[in-house]
Amino acid sequence: MEIGVLLDADSAGTDELVTLARAAEDKGIGIALVTGSRNADAWAMATWIAGVTDRIRVGVPPREQGYEPTNPDSAVPSVLDKAATALAALAPERTPPPGTRFRIVAADADDGAIRDAAGAGIPVVPVRSAADMTRLAALVAAPEPEAPAGRPHRSGPALAQRVPGIGYDAVPASLAGRAIEPGDREHRAVSSTYLRGGNPGLVLRPRTVAEVVDAIAFARDHRDIPLGIRSAGHGISGRSTNRDGLVISVGAMNSLEVLDASRRLVRIEPGRTWKQVAHSLVSHGWALGSGDYGGVGVGGLATAGGIGLISRRHGLTVDHVKAVELVLADGTPVRTSDTENPDLFWAVRGAGANFGIATAFEFETSVVGEVGYAKLTLVSSDIEASLYRYGQIASQAPRDTTVFLVTGRARRGQWVISLYAVVDNPDPDIVVARLTPFLELGQLVRQHALMTGYPGVMDNAVDIGPSGQQGFGEPVSRSAFVPTLTRQFAREAAELLSTDLVYFFELRAMGGAISDVPSDAMAFSHRTPHFQLTAMSSSDDRLMAEWDKLRPHFDGLYLSFETDRHPERLLDAFPAPVLERLRRLKAEYDPTNLFRDNFNIAPAPLASETRVAA
């Protein structure tokens, strides 16, 4: 049993407290908390004890009262935070893990009361003498109850970091062995995503459809906590992590198989990354368009859209989806296609996060051989002219040519422009001819161009190791579709880029094959814009104000790159008739709104009909 001791700096001197701390350490007691009327003194004593002991974890109980400016003994919160940070830096393995919950019990509490307190955290008992230590040592030495079969044993400090309101002991047996809790060593590796920091209370990692069903059942029993669904954790919005909530990660579901070579039909599970997909398909001479970064997971992108570097030639990723297997909110596994649950198939191609957890996709791949791939860096002193000229060249280019433009803050009155380009043509001379007009955008200072297979385009992703993603904070991103890149838009965008507000500004060229698909074919309905725009900043309020000035140039937005979660953003992402249809389908397939944490489409009241006409 894990027990801590409480050392009172007001009633004992330094030597006595050190003696008690060393005695606790000798008796196998794992934690010593130092308290006192002056918090700063308590932190100083805790730091001293950490320096003169070897193993015991040392800290100060969380303050229960706020800062009182008129009270000379009330410590400034920032000072206490710095004291805690200093102790953690000096003795990183000797401080209680963040989130550890303690329950201070009375000095005369009996053994039963101490054991009862352990159910809500680590019990901490005030001590004054060696006799107190001897009594607590007996409790510490008592055998720990064995963990139920299939469930890992967790120490007292690990259990003390559990989040109230989550029924950890009720995790289904099929998932318990791989579940990750805040006190587990692996928790740090699954907490954050590509751009967002998090601290989930529980991560479930199903490997089969049956385990996804079990995970969703657990989520239904915990509707009061946040719910994130993760494939690879790259999403810009970062909604696949949270704080003190549940994450269902399908990253282990990552197989790929060829179903029908004559139709170029493949089945891919959601946890596979697009880099892995590209390498699996290249031997067949096939590829699937998939954004511009190989580290993105199949699941998130294939239910949202997929605007990539071969999209002008081959269309969006969702245009190649022929069937989706998913588990609904009530735990029902279903298959959707043009002939099976066609209304749901329409919805999941563009709004899939609201309707279930995808467990597999069937794609019709494209024939893609060697392509020209280039990364060009230019410098411009007239960003307005560069943006306008880019709009002309990119929208008028043959559909085998897709070029994305990235820029950001000015540097000494000049802007660095990065162009990412794919020309889906095996002739190097044609590739050069297609890309040469883009050199008008500025002074070329660096170029990297080669003929390669599609894996060479997707290999820009760094493989995620055992330490996981390292995002932090909350990303701030805005997204929009731009029908035409006019001079006025270029001028106003240049004004935005003349401030220090936006550090990442990207234009993705659309058109071509993207426009070939009817706008009502699926929930993703923005088929006519020539560009998709993303801007990122560190200030949400300031970016919102400046973004509003640009809205007259926009026609909708791409949710995958948006972090503003106000309800009106849904009307930007989905035209009113599309959103209304989605709301009615949501009422049918997820009437209790279980899948609500990723740009939630609220269910509409159902009419008497049980089906919405396709």
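First, a word on what this report is: a plain description of the structure on this page.

Parameters at a glance
- Residues numbered from 1 in each chain as written.
- Predicted model: local features only at pLDDT ≥ 70, side-chain atom pairs only at ≥ 80, totals over all residues.
- Heavy atoms only, no water.
- Helix = DSSP H or I, 4+ residues; strand = E, 2+ residues; numbered from the N terminus.
- Buried < 20%, exposed > 50% of the residue type's maximum accessible area, 1.4 Å probe, protein only.
- Contact = heavy atoms within 4.5 Å.
- Areas by Shrake-Rupley, 256 points an atom, 1.4 Å probe, with all protein chains shown as cover.
- Lys, Arg positive; Asp, Glu negative; His and termini not counted.
- Charge placed at Lys NZ, Arg CZ, Asp CG, Glu CD.
- Salt bridge = Lys/Arg side-chain N within 4 Å of Asp/Glu carboxyl O.
- Pairing = 2+ DSSP bridges.
- Axes fitted to C-alpha atoms, helices over the stretch in contact; angles between N-to-C directions.
- Phe/Tyr/Trp six-rings, centres within 6.5 Å; stacked < 30°, edge-to-face > 60°.
- Lys NZ or Arg CZ within 6 Å of the ring centre and 35° of its normal.
- Right-handed = clockwise from strand over helix to strand, strands pointing away.
- Core = buried A, V, L, I, M, F, W, Y, C linked by side-chain atoms within 4.5 Å.
- 1 Å grid on protein atoms, 1.4 Å probe; cavity = no way out; pocket = protein on both sides within 12 Å on 5 of 7 lines; lining within 4 Å.
- Points joined across faces, edges and corners; volume = space filled by probe spheres on them.
- Nonpolar A, V, L, I, M, F, W, Y, C, P; charged D, E, K, R; others polar.

So, on to the overall build of the chain. The number of helices and strands found in the chain is 20 helices and 22 strands. Oriented by its inertia axes, the alpha-carbon framework of the chain measures out at about 85 × 60 × 50 Å. Taken across its 614 residues, the chain has 54% of its residues classed as buried. Considering only contacts in the chain between residues 6 or more positions apart, those separated by 24 or more positions represent 73%. Just so you have it, the chain exposes about 26300 Å², and 51% of that area is on carbon and sulfur atoms. Each charge sign in the chain was given a centre, from 61 positive and 73 negative side chains, and these centres are 3 Å apart.

Tallying each qualifying case throughout the model produces 32 salt bridges. Where E362 meets R335, a salt bridge forms, and the shortest distance between an N and an O atom there is 2.6 Å. Residue E362 is found in strand β14 (residues 357-364), and its partner R335 is found in strand β13 (residues 333-337); the two are separated by 27 residues along the sequence. Look at R335 and you get partly exposed, because its relative accessible area is 30%. For D572, the salt bridge is made with R569, and the minimal N-O distance between the two is 2.8 Å. Of this pair, D572 and R569 both sit in helix α19 (residues 568-573), three residues apart, which is roughly one turn of that helix.

In this section: the environment of S237. Inspection of the secondary structure assignment puts S237 in the loop between β7 (227-230) and β8 (246-249). Accessibility expressed as a relative area gives 10% for S237, which makes it buried. Remark: the alpha-carbon pair of S237 and V190, spanning 47 residues in sequence, is separated by 16 Å.

The next point concerns the sheet that holds strand β2 (residues 31-35). Here five strands make up an open sheet; going across it, the order is β3-β2-β1-β5-β4 and the pairing parallel. A single partner strand is all that each edge strand has here, and the edge strands are β3 (57-59) and β4 (102-104). With strand direction ignored, the average angle separating the axes of adjacent strands in the sheet is 30°. Sheet topology note: the β4/strand β5 (residues 122-126) ladder contains three bridges and is parallel. Residue pairing across strands places F102 opposite I122, the latter belonging to β5.

What follows concerns the packing of aromatic side chains. Counted according to the given criterion, the structure contains ten aromatic pairs. Between F481 and Y558 the ring centres are 6.3 Å apart and the planes differ by 45°, which places this aromatic pair in the tilted class. Here the residue F481 occupies a position in strand β20 (residues 476-482), and Y558 occupies one in the loop between α18 (540-550) and α19, the gap between them amounting to 77 residues. The residues F481 and Y558 share a single accessibility class, namely buried. Aromatic ring contacts, followed pair by pair, group F481, F524, Y558 and F561 into a single cluster. The aromatic ring of F345 is capped on one face by R349, whose charged end is 3.7 Å from the ring centroid. Across from the ring centre of W346, 3.8 Å away, lies the NZ or CZ of R581, which sits over that ring.

A few words on the pairing of β5. Counting buried positions along β5 gives four out of five residues, so the element sits mostly inside the fold. The pairing of strand β1 (residues 4-8) with β5 spans three bridges and is parallel. Its bridge partner lying in β5, V5 is registered against V125. Crossover β4 to β5 through helix α4 (residues 111-117) is right-handed.

Next up on the list: the sheet that holds strand β9 (residues 256-260). Sheet architecture is open: five strands sit in the order β9-β10-β14-β12-β13, paired in antiparallel fashion. Two strands lie at the open edges of the sheet, namely β9 and β13, each paired on one side alone. On average, each strand axis in the sheet is inclined to that of its neighbour by 20°, with strand direction left out of account. Direction of pairing for strand β12 (residues 321-327) relative to β13: antiparallel, over a ladder of five bridges. The residue bridging E325 from the neighbouring strand is R335, located in β13. Its contacts with the sheet put helix α10 (residues 274-281) on β9, β10 (265-268) and β14, and the angle it makes with β9 is roughly 45°.

Right, let's get into the nonpolar core. Within the largest apolar cluster, 67 residues are counted, with the highest numbers of intra-cluster contacts made by W274, F355, F363, F574 and L582. It is helix α13 (residues 342-351) that provides the largest number of residues to this core, a total of six residues. The contact partners of F363, leaving out residues within four places of it in the chain, are R264, L265, V266, I268, W274, L288, V298, A302, T317, H320 and V321.

What follows covers the layout of surface pockets. Empty space within the second largest pocket amounts to approximately 1200 Å³. In terms of lining residues, the second largest pocket is bounded by 40 residues, among which T95, P96, P97, P98 and G99 are the most central. The greatest single-element share of the lining of the second largest pocket, amounting to five residues, is contributed by helix α3 (residues 77-90). Here the residues of the lining of the second largest pocket are counted per class, giving 20 nonpolar, twelve polar and eight charged.

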